[in-house]
Amino acid sequence: YLLEQGDEVLVSFTPPDSDLYLDNLPVKVEKVYAFGEDVAYVCSFLPMSSWLRERWHTFICELNEKENRFFPDSSNKS
């Protein structure tokens, strides 16, 4: 099923390496990029409840802390 520009959908997922379940995030499809059988979507968030916004914020902060460290994790040294 291909989504089209302007479609509004609810997205649910469990991020890898996380106990957090993100369910029913409301998004609007802004752009669709179809490459043969592969499709990519650019979406924007629609207004959401405060508890869902807080859950999303928690995930983004955890992801930022994990992926954008200024100092590398010293336990990975060889």
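Not measured: the values here are computed from a predicted model. (Residues numbered from 1 in each chain as written. Predicted model: local features only at pLDDT ≥ 70, side-chain atom pairs only at ≥ 80, totals over all residues. Heavy atoms only, no water.)

**Quick notes on the sheet that holds strand E1 (residues 8-13)**
Then, number 1: One open sheet holds the three strands; their spatial order is E1-E2-E3, and the pairing between them is antiparallel. Where the open sheet ends on each side, the last strands, each with one partner, are E1 and strand E3 (38-45). When the angles between neighbouring strand axes are averaged without regard to direction, this sheet yields 60°.
Then, number 2: Here E1 pairs with strand E2 (residues 22-35) via five bridges, running antiparallel. Paired with Leu10 across the strands is Pro26, a residue of E2.
Then, number 3: Contacting E1, E2 and E3, helix H1 (residues 50-67) runs over the sheet at an angle of about 65° to E2. (Pairing = 2+ DSSP bridges. Helix = DSSP H or I, 4+ residues; strand = E, 2+ residues; numbered from the N terminus. Axes fitted to C-alpha atoms, helices over the stretch in contact; angles between N-to-C directions. Contact = heavy atoms within 4.5 Å.)

**A closer look at the nonpolar core**
Most often, soluble globular proteins have nonpolar side chains that are buried together.
Then, number 1: Within the largest apolar cluster, seven residues are counted, these being Leu20, Leu22, Leu25, Met48, Leu52, Trp56 and Phe59.
Then, number 2: Contributing elements (two or more residues each) for this core: E2 and H1.
Then, number 3: Here the element with the most residues in this core is H1; it accounts for three residues.
Then, number 4: If sequence neighbours within four positions are ignored, Leu25 has contacts with Val9, Leu10, Val11, Phe13, Phe45, Met48, Leu52 and Trp56. (Core = buried A, V, L, I, M, F, W, Y, C linked by side-chain atoms within 4.5 Å. Buried < 20%, exposed > 50% of the residue type's maximum accessible area, 1.4 Å probe, protein only.)

**Re the environment of Lys28**
Then, number 1: Mapped onto the elements of the fold, Lys28 is located in strand E2.
Then, number 2: On the accessibility criterion, Lys28 (30% relative accessible area) is partly exposed.
Then, number 3: C-alpha of Lys28 to C-alpha of Leu10: the two residues are 18 residues apart in sequence and 8.8 Å apart in space.
Then, number 4: The residues touching Lys28, leaving out its near neighbours within four places in the chain, are Gly6, Asp7, Glu8, Val42, Cys43, Ser44 and Leu46.

**A closer look at the pattern of salt bridges**
Then, number 1: Summed over the entire model, instances satisfying the criterion amount to one salt bridge.
Then, number 2: A salt bridge links Asp23 to Arg55; its shortest N-O distance comes to 3.3 Å. Separated by 32 residues along the polypeptide, Asp23 in strand E2 and Arg55 in helix H1 bring together distant segments of the chain.
Then, number 3: For Asp23, a relative accessible area of 19% gives the class buried. (Salt bridge = Lys/Arg side-chain N within 4 Å of Asp/Glu carboxyl O.)

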